[in-house]
Amino acid sequence: SGKVRYREITFVEGWRFSQILDCLAKNSFVQHDLQSKSTQEIMALLKQPDAYPEGYFYPDTFKFARGTSDLVLLKKSMQLMTKQREKLWQFRAPNLPYKNAEDAVIVASLIEK
């Protein structure tokens, strides 16, 4: 009939990157392409080779079809985080001591920990 049953996966606010990867690895409906990759290799695949992953992934529930790659799900989360970060950065207070939105996310992540 062409109908697709969508599954859900949730990345919880405050999770470390290792917890996100663990969540992906435990989901039997996800295609596991990243299991043998290091954090640096994963970030390179996400076009952020020099970035530390904390604060790059938006906490949300993502719908996906069975067999969707873990890399695709990480890309969705990263794209949503970028979109939200840029949106909020436009409405920041004028006297913030941060050069850019990434700096603000890093400090927010540190505070949250």
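Throughout what follows, the structure given in this document is the object of discussion.

The rules we used
- Residues numbered from 1 in each chain as written.
- Predicted model: local features only at pLDDT ≥ 70, side-chain atom pairs only at ≥ 80, totals over all residues.
- Heavy atoms only, no water.
- Helix = DSSP H or I, 4+ residues; strand = E, 2+ residues; numbered from the N terminus.
- Buried < 20%, exposed > 50% of the residue type's maximum accessible area, 1.4 Å probe, protein only.
- Contact = heavy atoms within 4.5 Å.
- Areas by Shrake-Rupley, 256 points an atom, 1.4 Å probe, with all protein chains shown as cover.
- Lys, Arg positive; Asp, Glu negative; His and termini not counted.
- Charge placed at Lys NZ, Arg CZ, Asp CG, Glu CD.
- 1 Å grid on protein atoms, 1.4 Å probe; cavity = no way out; pocket = protein on both sides within 12 Å on 5 of 7 lines; lining within 4 Å.
- Points joined across faces, edges and corners; volume = space filled by probe spheres on them.
- Nonpolar A, V, L, I, M, F, W, Y, C, P; charged D, E, K, R; others polar.

Things to note about the overall build of the protein chain
Right, so step 1: The helix and strand inventory of the protein chain stands at four helices and two strands.
Right, so step 2: Secondary structure elements of the protein chain, listed N to C terminal, follow the sequence β-α-α-β-α-α.
Right, so step 3: The dimensions of the protein chain, computed from C-alpha atoms along their principal axes, are 55 × 30 × 25 Å.
Right, so step 4: Evaluated residue by residue, the protein chain yields a buried proportion of 31% over its 113 residues.
Right, so step 5: Counted over contacts in the protein chain with a minimum sequence separation of 6, partners at least 24 positions apart contribute 62%.
Right, so step 6: When the accessible surface of the protein chain is split by element, carbon and sulfur atoms take 51% of a total near 7800 Å².
Right, so step 7: For the protein chain, the separation between the mean place of its 17 positive charges and that of its 13 negative charges on side chains is 7 Å.

What about empty space enclosed by the protein?
Right, so step 1: All told, the structure shown has one cavity of 30 Å³ or more when counted by the stated rule.
Right, so step 2: Taken as a whole, the largest cavity encloses approximately 40 Å³ of empty space.
Right, so step 3: Contributing to the lining of the largest cavity are Glu54, Gly55, Tyr56, Arg85, Glu102, Val105 and Ile106.
Right, so step 4: Tallied by class, the residues present in the lining of the largest cavity amount to three nonpolar, one polar and three charged.

Brief notes about the environment of Glu86
Right, so step 1: Turning to its location among the elements, Glu86 is positioned in helix H3 (residues 70–89).
Right, so step 2: As for Glu86 and Phe29, which are separated by 57 residues in sequence, their C-alpha atoms are 31 Å apart.

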